[in-house]
Amino acid sequence: MTGLTVLGSTGSIGISTLDVVARHPGRYRVVALTANRDLEGLLRQCRRFRPDYAVMADTGSARELERRLRADGLETRVLAGVAGLEQVATLEEVDQVMAAIVGAAGLRPAMAAARAGKRILLANKEALVVAGALFMEEVERHGARLLPIDSEHNAVFQCLPDGFGAGLERVGVHRILLTASGGPFRTASREQLAAVTPEQACAHPNWEMGRKISVDSATMMNKGLEVIEACWLFHTTPERIEVVVHPQSVIHSLVQYVDGSVLAQLGNPDMRTPIAHALAWPERIDSGVAGLDLFQVGRLDFEAPDPERFPCLRLAVQAIESGGSAPAVLNAANEVAVAAFLDHRLSFTAIPQVIEETLNRLPVEPVTGLEQILGVDRRARTVAEQTISTRV
Ligand code: NAD
Ligand code: MG
C-alpha cells in the first residue's frame, strides 16, 4: 500500500483527494491528515480514514481535536503547528505527500517533503512562486519527484515526453499554451469590476474551489501565478508560455512542438482527474469523473486575455522576469490584498494596485535561502497592509 499524507485535507483539493482515495480500498493508506482550524472537518475525516496522525496548524484547535478523538476511542496522534506539518511530510512510512495547503503557509512542509525525497503531488502553487529555485534545487538534490496537480500543469505534464527535464528545446517543444477560463468577470466592464463583491468573485463558472484561489481566478492572478509555476516545473521562461482564454475549461492546456503538432489534454473540469493521475502515475485509475461528452460541449472558444481589465497577469510576468525575491513579494502582496477584499476592506480593482505598489516599494533581492525568502514574505505583507490602510 502507498502511504499518503494529505496536507490541507479539509480544503477543496484535500476533499477531492480523499474522494479518489476512497474509491481504491487497499491501494492507499492515509498516514496523516492536516488542517488549519477546521476541527469538525478534520474530526470527520479522522473517523472515516483512521490516519495515524492528525495535525492542526492552530495549537488550541489541536488540543480540542485530541480530546474529541479520545472521546471517540480513536488513537490518532495529534500534532500542532508547522513542526507537526513538517513531521508528517517526512515520516518514513509516507511515500506520497499531497501538498494542498493554500498560500505561502504551505511552503515549509512542502520543502520538508522535498528534502525527505518524497513524491510530492503539488497543488500549492504559491510554494513554487515564493521559492521556485530553492524548491526545485531540493527536489533535485534529494531525488524527490514532483507531480503537478494544478489542472493546466497536469495537462502539460501529460502532453510532454519523458526527458523534458533536460530542457523543452531538447525535446522539440516550441511553447506551452496555458488555458484560462477567464473567471466569473471575463465579460465585465471596468465599471462593473470596481463594484464586484466577494460572493460574486467566489462564484466561479466552471470550478468549485477555495475562496483565495477563486478570487485569484477572478483577477487572473491565478494565471499569473501559474505562468511562474510553469516556468519552474517545465524549466522554461515566460516567452515560451502563452495564456489562452478558453471559457469552457474543457482543454486544460496544450503543448506546441516545433513540427507544428499541438497536443492537448481534455476532460470535464473536475480536479479529481489530475489528482487521480498524479496519485497513480504512471498507472491510471478511476477518478469518479464522468467521461467527456463532446456533443454536449458542442464548441470550444478561445480569446486573448485583456491586460487592461486584468493587470495581475502582467504583474506576475514582470515579477518572474525581474527574478530573485520579486515573485515572493508579488505572492505575499496578493495574499494580503485578497484577504482584505474578502474582508470587505478593499475593492476588487484595488487588488492589483496594492500588489504593484508593494512591488515598487521593495527592492529585488537575490534569493539565498529559505529563511531569507520567508523574511521577504513577512516584510512584503507588512508593506501591503500599510498600503491598504493608507488607502482608506
Ligand atoms: P482551500 O482553502 O479549500 O483549502 C486549504 C487547506 O489548507 C485547508 O485544509 C486549510 O485548513 C489549510 N490551511 C489554510 N491555511 C493554513 C495554514 N496557515 N496552515 C496550515 N494549513 C492551512 O484551498 P484549495 O482550493 O483546496 O486550494 C489549495 C491549494 O491548491 C492552493 O494553493 C490552490 O491554489 C491550489 N489549487 C486549487 C485548485 C482547486 O480547484 N481548489 C485547483 C488548482 C490549484
Ligand atoms: Mg489551475
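As annotated in an unreviewed UniProt entry, the chain is 1-deoxy-D-xylulose 5-phosphate reductoisomerase from Sedimenticola thiotaurini. Taken directly from UniProt, the Sequence similarities (unreviewed entry) text for the chain runs: "Belongs to the DXR family." Per UniProt, the comment on the chain under Pathway (unreviewed entry) is "Isoprenoid biosynthesis; isopentenyl diphosphate biosynthesis via DXP pathway; isopentenyl diphosphate from 1-deoxy-D-xylulose 5-phosphate: step 1/6."

Q: Is there a simple way to explain the pattern of salt bridges in this structure?
A: Any two side chains of opposite charge can pair if their charged atoms end up close together. A complete count under the given rule lists 31 salt bridges for this structure. A salt bridge links Arg23 to Asp19; its shortest N-O distance comes to 2.9 Å. Exposure remark for Arg23: the relative accessible area of 36% places this residue in the partly exposed category. Since its relative accessible area comes to 28%, Asp19 is described here as partly exposed. With its nearest N and O atoms 3.1 Å apart, the salt bridge here joins Arg381 to Glu335.

Q: Help me understand the site of ligand 1, please; the structure alone is not making it clear to me.
A: Within the structure, ligand 1 sits among 22 residues, and Thr10, Ser12, Asn36, Glu126 and Gly210 are positioned closest to it. Contact with the protein chains removes 86% of the 830 Å² of surface that ligand 1 exposes when unbound. Mapped onto the shell around ligand 1, the elements with two or more residues apiece are α1 (12-22) and α6 (125-141). Partitioned by chemical class, the residues of the shell around ligand 1 number 11 nonpolar, 8 polar and 3 charged.

Q: Help me understand the domain arrangement of the chain in this model?
A: Accessible area lost when the parts come together is the quantity often used to give the size of an interface. Split by domain assignment, the chain resolves into domain 1 (2-148), domain 2 (155-268) and domain 3 (323-389). With 13 residues of domain 1 at the interface, the matching set in domain 2 holds 14 residues. Both sides of the domain 1 and domain 2 interface together cover about 1,200 Å² of buried area, and 75% of this is carbon and sulfur. In terms of surface lost to domain 2, no three residues of domain 1 exceed Lys125, Val129 and Pro148, which account for 43% of the buried area on that side. Our count for the domain 1 to domain 2 interface comes out at 2 salt bridges. Put simply, Lys125 and Glu226 hold a salt bridge, and the shortest N to O gap is 2.9 Å.

Q: What exactly am I supposed to notice about the sheet that holds strand β10 (residues 251-257) here?
A: Neighbouring strands of a sheet are bound in pairs by backbone hydrogen bonds; such pairs are parallel or else antiparallel. The sheet built from 4 strands is open, its strands ordered β9-β8-β10-β11 with mixed pairing. Only two strands of the sheet have a single partner each, and these edge strands are β9 (241-245) and β11 (262-266). On average, adjacent strands in this sheet sit at an angle of 20 degrees to one another, irrespective of strand direction. Examined bridge by bridge, β10 and β11 share 5 bridges and lie antiparallel to one another.

Q: Help me understand the packing of aromatic side chains, please; the structure alone is not making it clear to me.
A: Aromatic ring pairs are described here by two measures, namely the spacing of the ring centres and the angle between the planes. Considering all chains together, one arrives at 5 aromatic pairs under this definition. Pairing Phe157 with Trp281 gives two aromatic rings, centres 5.8 Å apart and planes at 65 degrees, and the pair type is edge-to-face. Taken together, the positions of Phe157 in helix α7 (residues 151-159) and Trp281 in the loop between α12 (272-280) and α13 (294-297) put the pair 124 residues apart, joining distant regions of the chain. For Phe157, a relative accessible area of 9% translates into the label buried. Between Phe164 and Phe234 the ring centres are 5.8 Å apart and the planes differ by 65 degrees, which places this aromatic pair in the edge-to-face class. You can see Phe164 sitting in the loop between α7 and β8 (173-180) and its partner Phe234 sitting in the loop between α11 (221-233) and β9, a full 70 residues away along the chain. Across the pair, Phe234 and Phe164 agree in class, each one buried. Three or more aromatic residues joined by ring pairs make a cluster, and in this case those are Phe157, Phe164, Phe234 and Trp281.

Rules of the game
Residues numbered from 1 in each chain as written. Chains lettered and ligands numbered in written order. Predicted model: local features only at pLDDT ≥ 70, side-chain atom pairs only at ≥ 80, totals over all residues. Heavy atoms only, no water. UniProt positions renumbered as here; feature names shortened; annotations may be inferred. Salt bridge = Lys/Arg side-chain N within 4 Å of Asp/Glu carboxyl O. Buried < 20%, exposed > 50% of the residue type's maximum accessible area, 1.4 Å probe, protein only. Near = heavy atom within 4 Å. Areas by Shrake-Rupley, 256 points an atom, 1.4 Å probe, with all protein chains shown as cover. Helix = DSSP H or I, 4+ residues; strand = E, 2+ residues; numbered from the N terminus. Nonpolar A, V, L, I, M, F, W, Y, C, P; charged D, E, K, R; others polar. Domains from an automatic or database assignment. Contact = heavy atoms within 4.5 Å. Buried area = accessible area lost by both parts, 1.4 Å probe. Pairing = 2+ DSSP bridges. Axes fitted to C-alpha atoms, helices over the stretch in contact; angles between N-to-C directions. Phe/Tyr/Trp six-rings, centres within 6.5 Å; stacked < 30°, edge-to-face > 60°.

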